[in-house]
There are 2 protein chains.
Amino acid sequence: MEHAQEQEACLEQTQRYCVQRPIYNQELLQGQLHRRQRTPQTLGQKIAHSCRCSSKKAKSHLYSFLPILKWLPRYPVKEYLLGDIISGISTGVMQLPQGLAYALLAAVPPVFGLYSSFYPVLLYTFFGTSKHISIGTFAVVSMMVGSVAVREVPDEIISLDSNSTNTTDVLEYYSARDSKRVQVAVALAFLSGIIQLCLGFLRFGFLSIYLTEPLVRGFTTAAAVHVFTSQLKYLLGIKTSRYSGPLSVVYSIAAVLSKITTTNIAAFIVGLTCIVLLLIGKEINFRFKKKLPVPIPMEIIVVIIGTGVSYGMNLNESYKVDVVGNIPQGLRAPAVPEIHLIPAVFVDAVAIAIVGFSMAVSMAKIFALKHGYTIDGNQELIALGICNSVGSFFQTISITCSMSRSLVQESTGGKTQIAGTLSAVMVLLVIVAIGYLFEPLPQTVLAAIVMVNLKGMLKQFGDVMHFWRTSKIELAIWVAAFVASLFLGLDYGLLTAVTFAMITVIYRTQSPEYRILGQIPNTDIYCDVEEYEEVKEYPGIKIFQANTSLYFANSEAYTRALKKKTGVDPGALLKARRKAQKRHAREIKAANEHRKKAVLKLVSPSTNDVEASVKHEIASDDLPVNGKLEDSSVQDMSPDEHEHFVEPKSSIHSLILDFTPVNFVDSVGAKALKSIIKEYKEVGVCVCIASCSGPVVNELTRLNFFDKSVTRELLFHSIHDAVLACQVKDGSAAQADFNL
Amino acid sequence: MEHAQEQEACLEQTQRYCVQRPIYNQELLQGQLHRRQRTPQTLGQKIAHSCRCSSKKAKSHLYSFLPILKWLPRYPVKEYLLGDIISGISTGVMQLPQGLAYALLAAVPPVFGLYSSFYPVLLYTFFGTSKHISIGTFAVVSMMVGSVAVREVPDEIISLDSNSTNTTDVLEYYSARDSKRVQVAVALAFLSGIIQLCLGFLRFGFLSIYLTEPLVRGFTTAAAVHVFTSQLKYLLGIKTSRYSGPLSVVYSIAAVLSKITTTNIAAFIVGLTCIVLLLIGKEINFRFKKKLPVPIPMEIIVVIIGTGVSYGMNLNESYKVDVVGNIPQGLRAPAVPEIHLIPAVFVDAVAIAIVGFSMAVSMAKIFALKHGYTIDGNQELIALGICNSVGSFFQTISITCSMSRSLVQESTGGKTQIAGTLSAVMVLLVIVAIGYLFEPLPQTVLAAIVMVNLKGMLKQFGDVMHFWRTSKIELAIWVAAFVASLFLGLDYGLLTAVTFAMITVIYRTQSPEYRILGQIPNTDIYCDVEEYEEVKEYPGIKIFQANTSLYFANSEAYTRALKKKTGVDPGALLKARRKAQKRHAREIKAANEHRKKAVLKLVSPSTNDVEASVKHEIASDDLPVNGKLEDSSVQDMSPDEHEHFVEPKSSIHSLILDFTPVNFVDSVGAKALKSIIKEYKEVGVCVCIASCSGPVVNELTRLNFFDKSVTRELLFHSIHDAVLACQVKDGSAAQADFNL
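Calculation rules
Residues numbered from 1 in each chain as written. Chains lettered and ligands numbered in written order. Predicted model: local features only at pLDDT ≥ 70, side-chain atom pairs only at ≥ 80, totals over all residues. Heavy atoms only, no water. Helix = DSSP H or I, 4+ residues; strand = E, 2+ residues; numbered from the N terminus. Buried < 20%, exposed > 50% of the residue type's maximum accessible area, 1.4 Å probe, protein only. Contact = heavy atoms within 4.5 Å. Areas by Shrake-Rupley, 256 points an atom, 1.4 Å probe, with all protein chains shown as cover. Buried area = accessible area lost by both parts, 1.4 Å probe. Salt bridge = Lys/Arg side-chain N within 4 Å of Asp/Glu carboxyl O. Polar contact = N/O pair within 3.5 Å; in protein donor to acceptor, adjacent residues only side chain to side chain. Nonpolar A, V, L, I, M, F, W, Y, C, P; charged D, E, K, R; others polar. Pairing = 2+ DSSP bridges. Patch = residues over 30% accessible without salt bridge, like charges linked within 9 Å, V, L, I, M, F, W, Y side chains within 5 Å. Lys, Arg positive; Asp, Glu negative; His and termini not counted. Charge placed at Lys NZ, Arg CZ, Asp CG, Glu CD. Least-squares fit on C-alpha atoms with pLDDT ≥ 70 in both. Axes fitted to C-alpha atoms, helices over the stretch in contact; angles between N-to-C directions. Left-handed = near helix turned anticlockwise from the far one by under 90°. Phe/Tyr/Trp six-rings, centres within 6.5 Å; stacked < 30°, edge-to-face > 60°. UniProt positions renumbered as here; feature names shortened; annotations may be inferred. pLDDT = per-residue confidence, 0-100. Core = buried A, V, L, I, M, F, W, Y, C linked by side-chain atoms within 4.5 Å.

Draft legend 1. The arrangement of the overall build of chain A in detail. Within chain A, the regular secondary structure consists of 34 helices and 9 strands. Per-residue burial for chain A yields a buried fraction of 52% across its 740 residues. For chain A, long-range pairs separated by at least 24 residues make up 81% of all intrachain contacts whose partners lie at least 6 apart in sequence. With the model as given, the accessible surface of chain A reaches about 35000 Å², and the carbon-plus-sulfur share is 62%.

Draft legend 2. Region of the structure containing the interface of chain B and chain A. Across the boundary between the two partners, chain B contributes 85 residues, which contact 86 residues of chain A. Interface area for chain B against chain A, summed over the two sides, is near 8500 Å², with a carbon-plus-sulfur share of 54%. Among the residues chain B hides against chain A, the three largest losses belong to Tyr17, Asn522 and Phe552 of chain B. Together they make up 10% of the total. Scanning the region where chain B abuts chain A turns up 6 salt bridges. Here Glu213 of chain A makes a salt bridge to Lys671 of chain B, at a shortest N to O gap of 2.5 Å. In this assembly, chain B and chain A are joined by 13 residue pairs in polar contact (both at pLDDT 80 or more). Listed by contribution, the elements that provide at least two residues to the side of chain B that touches chain A are α1 (2-14), β1 (16-22), α2 (26-32), α23 (463-470), α25 (490-510), α32 (667-682), α33 (694-702) and α34 (719-739) of chain B. Tallied by class, the residues present in the side of chain B that touches chain A amount to 34 nonpolar, 26 polar and 25 charged. Pairing between strand β1 (residues 16-22) of chain A and β1 of chain B: 7 bridges, direction antiparallel. Counted as the bridge partner of Val19 of chain A is Val19 of chain B from β1 of chain B.

Draft legend 3. Summary view of the pairing of strand β6 (residues 541-546) of chain B. Residues and elements named next belong to chain B. For β6, the tally of buried residues reaches 6 of 6 residues, placing the bulk of the element in the interior. Where burial is concerned, the two faces of β6 agree: the one with Ile541, Ile543 and Gln545 and the one with Lys542, Phe544 and Ala546 are both buried. Across 4 bridges, the pairing between strand β4 (residues 514-519) and β6 is antiparallel. The residue bridging Leu517 from the neighbouring strand is Ile543, located in β6. By the bridge criterion, 5 bridges tie β6 to strand β7 (residues 654-658) in an arrangement that is parallel.

Draft legend 4. Summary view of unusual backbone geometry. Residue and element names in this part refer to chain A. Here the phi dihedral of Leu247 falls at roughly 65°; this positive angle occurs in a residue that is not glycine. Locating Leu247 in the fold gives a position in the loop between α12 (213-236) and α13 (248-258). Owing to a relative accessible area of 37%, Leu247 belongs among the partly exposed residues under this scheme.

Draft legend 5. How the structure looks around a positive patch on the surface. A cluster of basic residues, Lys575, Arg578, Lys579, Lys582 and Arg586 of chain A together with Lys70 and Arg74 of chain B, forms a positive patch on the protein surface. The element contributing the most residues to the positive patch is helix α27 (residues 570-603) of chain A, with 5 residues. Topologically, Arg74 of chain B is positioned in the loop between α5 (68-71) and α6 (77-105). Owing to a relative accessible area of 67%, Arg74 of chain B belongs among the exposed residues under this scheme.

Draft legend 6. Structural detail: the relation of the copies chain B and chain A. Expressed as a screw operation, the relation of chain B to chain A combines 0.1 Å of axial shift with a rotation of 180°, fitting to an RMSD of 0.3 Å. Those values place the two copies in the arrangement expected of a two-fold rotation axis. An overlap of 99% is found between the interface residues of chain B and their copies at the interface of chain A, pointing to a shared contact surface.

Draft legend 7. The pattern of salt bridges, seen in detail. Taken as a whole, this structure holds 28 salt bridges over all chains when the rule is applied. Close ionic contact of Arg217 of chain A with Glu213 of chain A constitutes a salt bridge, the shortest N to O distance being 3.8 Å. With Arg217 of chain A and Glu213 of chain A both in helix α12 and 4 residues apart, the pair spans about one turn of that helix. Residue Glu213 of chain A is classed as partly exposed on the basis of its relative accessible area of 27%. A relative accessible area of 26% places Arg217 of chain A in the partly exposed class. Each of Glu213, Arg217 and Asp463 of chain A together with Lys671 of chain B takes part in salt bridges that share partners, so that together they form one network.

Draft legend 8. Looking closely at the packing of helix α8 (residues 119-127) of chain B against helix α18 (residues 377-392) of chain B. Residue and element names in this part refer to chain B. Contact pair α8 / α18: the axes reach a minimum separation of 9 Å and the direction vectors enclose 145°. Judged by the twist between their axes, the crossing of α8 over α18 is right-handed. Residues Pro120, Leu123, Tyr124 and Phe127 of α8 form the contact with α18, whose own contacting residues are Gln379, Glu380, Ala383, Ile386, Cys387, Val390 and Gly391. Its residues assigned to classes, the contact of α8 with α18 comprises 8 nonpolar, 2 polar and 1 charged.

Draft legend 9. Looking closely at the side chain of Arg508 of chain B. Within the element layout of this structure, Arg508 of chain B appears in helix α25. Excluding residues within four positions of it along the chain, Arg508 of chain B makes contact with Phe664, Val665, Asp666 and Glu699 of chain A together with Ser471 and Ile473 of chain B.

Draft legend 10. Up close: helix α19 (residues 403-411) of chain B. Residue and element names in this part refer to chain B. Those residues of α19 that sit buried are Arg405, Ser406, Val408, Gln409 and Glu410. In this structure, the buried side of α19 is in contact with α6, β2 (135-136), α17 (346-371), β3 (400-401) and α20 (418-434). One or two residues past the end of α19 sits Gly413, with phi positive at roughly 100°.

Draft legend 11. Here's a closer look at the packing of aromatic side chains. Residues and elements named next belong to chain A. Applying the stated criterion across every chain yields a total of 34 aromatic pairs over all chains. A ring pair is formed by Trp478 and Phe482, whose centres lie 5.3 Å apart and whose planes are at 20°; its orientation type is stacked. Here Phe482 and Trp478 lie together in helix α24 (residues 472-488), a separation of 4 residues that amounts to about one turn. With 5.4 Å between their ring centres and 75° between their planes, Phe544 and Tyr558 make a pair best called edge-to-face. Taken together, the residues Phe544 in strand β6 (residues 541-546) and Tyr558 in helix α26 (residues 555-566) connect sequence positions 14 residues apart. Residue classification places Phe544 among the buried positions, given a relative accessible area of 0%.

Draft legend 12. A look at the UniProt feature "transmembrane region" (unreviewed entry) in chain A. All names here are of chain A. Those places that UniProt annotates as "transmembrane region" (unreviewed entry) correspond, in this numbering, to residues 100-127, 133-150, 184-211, 249-280, 292-313, 341-361, 418-438 and 475-507. The span residues 249-280 is 81% helical and 0% strand by assignment, and the distance between its end C-alpha atoms comes to 29 Å. Helix makes up 81% of residues 418-438 and strand 0%, with an end-to-end C-alpha separation of 27 Å.

Draft legend 13. Seen up close, the environment of Met363 of chain B. The residue Met363 of chain B is located in helix α17 in this model. Filtering out sequence-adjacent residues up to four positions away, Met363 of chain B remains in contact with Ile133, Cys401, Met403, Ser406 and Leu407 of chain B.

Draft legend 14. Structural detail: the confidence of the model for chain A. Residues and elements named next belong to chain A. Per-residue pLDDT for chain A averages 82, and the proportion of residues at 70 or more is 87%. A low-confidence stretch, residues 1-14 stays under pLDDT 50, and its non-local contacts, those more than four residues away or across chains, total 17 contacts. In this model, residues 736-740 is a region of pLDDT below 50 whose contacts with residues beyond four sequence positions or in other chains number 0 contacts. Among the prediction metrics, the complex's ipTM stands at 0.77, with pTM recorded as 0.75.

Draft legend 15. Structural context of the environment of Ser423 of chain B. All names here are of chain B. Tracing the backbone shows Ser423 in helix α20. In this view, Ser423 contacts Gly88, Thr91, Gly92, Gln95 and Val121; residues no more than four positions away in its chain are not counted. Only 2.7 Å separates the side chain of Ser423 from the backbone oxygen of Gly420, close enough to count as a polar contact.

Draft legend 16. Expanded view of the sheet that holds β6 of chain B. Residue and element names in this part refer to chain B. Pairing in this open sheet of 6 strands is mixed, and the strands run β5-β4-β6-β7-β8-β9 from one edge to the other. Only two strands of the sheet have a single neighbouring strand rather than two, namely β5 (526-528) and β9 (715-716). Bridge count between strand β8 (residues 686-690) and β9: 2 bridges; the pairing is parallel. Considered in β9, the bridge of Ala690 is made with Phe716.

Draft legend 17. Quick look at the nonpolar core. If you look at the biggest cluster of nonpolar residues, it comprises 246 residues, and the most contacted ones within it are Ile133 of chain A together with Ile133 of chain B. Ranked by residues supplied to this core, first place goes to helix α17 (residues 342-371) of chain A with 15 residues. The contacts of Ile133 of chain A, once residues within four sequence positions are left out, are Tyr124, Ala360, Met363, Ala364, Phe367, Glu380, Cys401, Ser406 and Gln409 of chain A.

Draft legend 18. Representation of a nonpolar patch on the surface in the model. Residue and element names in this part refer to chain A. Taken together, the side chains of Tyr243, Leu247, Val250, Tyr251, Val479, Val483 and Phe487 define a hydrophobic patch exposed on the protein surface, amounting to about 550 Å² of accessible area. Secondary structure elements with two or more residues in the nonpolar patch: α13 and α24. For the nonpolar patch, the element with the highest residue contribution is α24, accounting for 3 residues.

Structural data, given as structure tokens:
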């Protein structure tokens, strides 16, 4: 193998790129190589393999289903416990106000938010694989639950008119309405949990990949706007119905604006004060992140102050400020969720299941990456599914991971799921012991907490500028997700956004950039002729590239672009040729008739133009003989006509289609390709295909692409191979012409 | 430029592939080249350009809107007229029976089928660009119209029970029902026409590309089954309601079977005879295609015989065979379609508009290719839109091109739209003069005509085998289109099928083949190591390729596959390293404590193992000093433990990602790529990217992919460049190590 030696010698001396080898087309290359014998596993073997059972396998399955078995026995008490305790307490004091506030968002009484901050968190300890996320109530999911609950059990406007009925009736109505809403929310949690479980067991964790980042950000921004508008009325102390479904944001704002005059000043002042306090707290926590051992638990402080002030000043009775109200003490006995509600909430449950999962898993991934462990998407689905479905028997609403709490849990030194468990225990203490203390807490304080927690999500409006700079398509996904989720509601919005994201992928494969390539002199590198000054095209050879695969949705555009970019349209050329031939035939005919006339005239030479006729006769004498027009006859015609007599010919002899970017071909694409090759052949242009990858060649073979006229010899390993081969062919053709 | 000379010399001598150049990475290459100055058109210029008005432009717009202006003045009467007349008559005699039969399918009285075979055909002459397609009624579209008409104006089952009411009532009911159905059908034609017009003016002709061939074939096969089942009752002379909507096929068959005992034997015999005659006629026409000057017009023959027999034997009254019935003479005055029906039929109108257009345009394209002219998809949309919308004012139903008639029109020598016009004139004659003659025609004859015309479409069941062999994905599209259209109805079926076809594209980009590449010795060619025996991998270098772009839906799978295929998982490696370090630290600690103890023991040498302790002390003496474990201490450990003490290292030093198949990257993909590079860097593996195309580099730049740690120097022009660079780097690194 002297080439090898040459190559190596070359490499060692100069560290250059040196290649010397034959020009390879597919035919030649395959002739020199030997296909490796593959012994594919039969279906039976595969089944047998996957069904094989062993104690090791069983153990690994058990460990993956109950991750706690793996990490708890190895729990390094000394190293981890302190961190987990501090983190657990910090998270627990957030669970409490957030549980109360997000219950408001979910249109259920506050105590159900506390339940949801306890059971699922406890369950997650056993089944979850992430060590840092804080499971529990979350604004976006609570909002989705709330809109379903309101849709299924709407406010009745008559009952809101408190003058016509007495207070007891109104209270009864409210409590009946709320208990129905709880049923809906619980059924929703049950169903979304079951869906998550099913997806998890079916290993459908990959579904979350469709929720690409711009989509999720657009969606959560829209959710934040939803949440914000829904809290306005609590902040202002205005009584309006709550809306759900398409355009609910618009209706909510309109309803609040129309009743803006009934604003409860006391509630508004309390709310605004809380907002200011919370914002200050956030700012301090952010600024002095490193100096503070734990972040200031501003939310619980605000709740405690708010409760105290409300109790002290009797805000509810004196100033008609709405308060949280009845918080029953102790836990409830488990109950089966209302199964009959399931058909009505199925679509919503799917949306909640997917949103909940994707929120949790994206947060979990961030922490896993940071701390160097792995999470299992499918197990996360199962864990969340168990949290939701088992929890729903204890009247919890749908939960997922909360961003703000997770960040606190991680930053305060939480090491394992123990931190979460401790926060759950704290919530439990509140439920069984001191819950009733929070009864005088004004709702406006909770609204303030919810709103301030939206800060991060609302900041995402800045994404628009970011995506504008980086990628217009991702901007489009963001905007589509935002607009759809804002106006259609979060469930249909999400569906629309996912569909839109899919369509952008289609769009990318479908509207590629078409380019003519040229060579960078003295290399085998080809790139866009319009990009660099140095790039040169070989005369007579055009290299065409479209950066996409070739399939039904773009094969027509491909053909069109090819004809336009190369400037050679076989159809037009053939038409021109036919026209020329026809004209030619007519000319011959005319000339013949002319000759006859001339002969006649010669026979009877009575006119003046005898000489001219004779001239004509001589000139057109040999026309019918060899079928070629001589100069003498051409001279008679106008220069414009002259052009038509030269057989129209294409300016190129070879067309190279760069198939580097082609990853798949379907039957429509293969047909288009074949007709391109045939059409160009008719006008004398040889079409070669360069850099066709192995899988595509196999696909083409299966699609019966290759036959006598289209052989594998048209496939070249690279553009440079194809160019060299075309030059060689043209050279020999030219030489052949020359020799003739 | 000595290289150029070298190259050329090499080429001339051996016709080989010779390249000698520096190893190029993106940085180096761009440094040597000069970007071409592009002066992009400003938006203003573009607008100005597109708004510029000239007489030439106006003329070309007029010509494209009214193609007849272009071809009629140049109509070569001598050459074309005879062919057009023969073809027009042949097509005309088919328009008649098909018009009657397809009206039955569309659930409207037969005369409306005749209207639809006249007005649109005439209009198409002016606006159409295809010279060979025969516009008019078509089975699939008529079927879709029929199912909408039946859905909107259902059969009332009570009224079918003729015993309870007298005959006049029943007849009145039927005529009222039929006139309502006509209103629906006409409104549908109007709306679908308007939709086609809008799409045409908006240049949305490309929409038909989404109807890929397997989809259309699956859809039309399902439509054929629909049509077939709907005609069964006419063939058998059974009276059942007509069904529409999902599962209508099943209901129709069940209804016919449940009443199979009421079969009208006379009708069945007539129908069956007709079917046999028509099949024989088809066979003769096919066998003696070349010998027959025109195909035998078997349909009209059957109609005439059927009418004659029915009239002679008084089939209607004597044998209770249903006949066509009242065919009013003359044309109707134009009337505005019932606009108020539009909201109810909007979705169906969209489906009919798209199906009608795609049928016409696919047929037109076939003929255009055969006869060497071009058709304009957008103008076809406009033409069909005018045919439908203007026609609807004259009570036509939705039309498109009929395959069977178009084939006859072309094969009998039709040259231009004149043939179509003549066939329309024939239909007009029938309408105004002899239409009433066909009143005794039995419906079973029309059912026979419809059924025999389905032969070609039903043959498409053979596609299943064909697609099974060529492409499983296209088979899936066929099956999805067929099953969805069969069971969900044609409108939702089409929608489902298009969605499914889109999803297959996503699937193709999302589940690529992952491969490890190796070099074919002595070349710069790299291919799958599992494919050929000759392919070799360089030691320490892995080349990874996924034949897809890198974006949100597959970036995670890409990372996973990369780790699995290359066998190097940085996460696992780091974990192992950390473990080893920890164990190492513990060992050191243990050793230190041991030493302390040993020292203590030395101080009070009362135990038996003094010597052993001393040995230990000496052995572990230098441990804390240089942080490396010496052999002496390692000897104490089991061989299993021993392994952990060698710092875990990856088996490769360089990883080359082949980006040849990557056509686009989004932010998620770029992030994944960046984290791959960083992760591998941490474990000492250098990641290079090879063959990254220009647009992808630009995208990566926009996505802020490049920074201090990830530079353009990681991008190599080709795999071979990257391999050479990695070898050089590793060589010098090894040398550096050696020199130390």
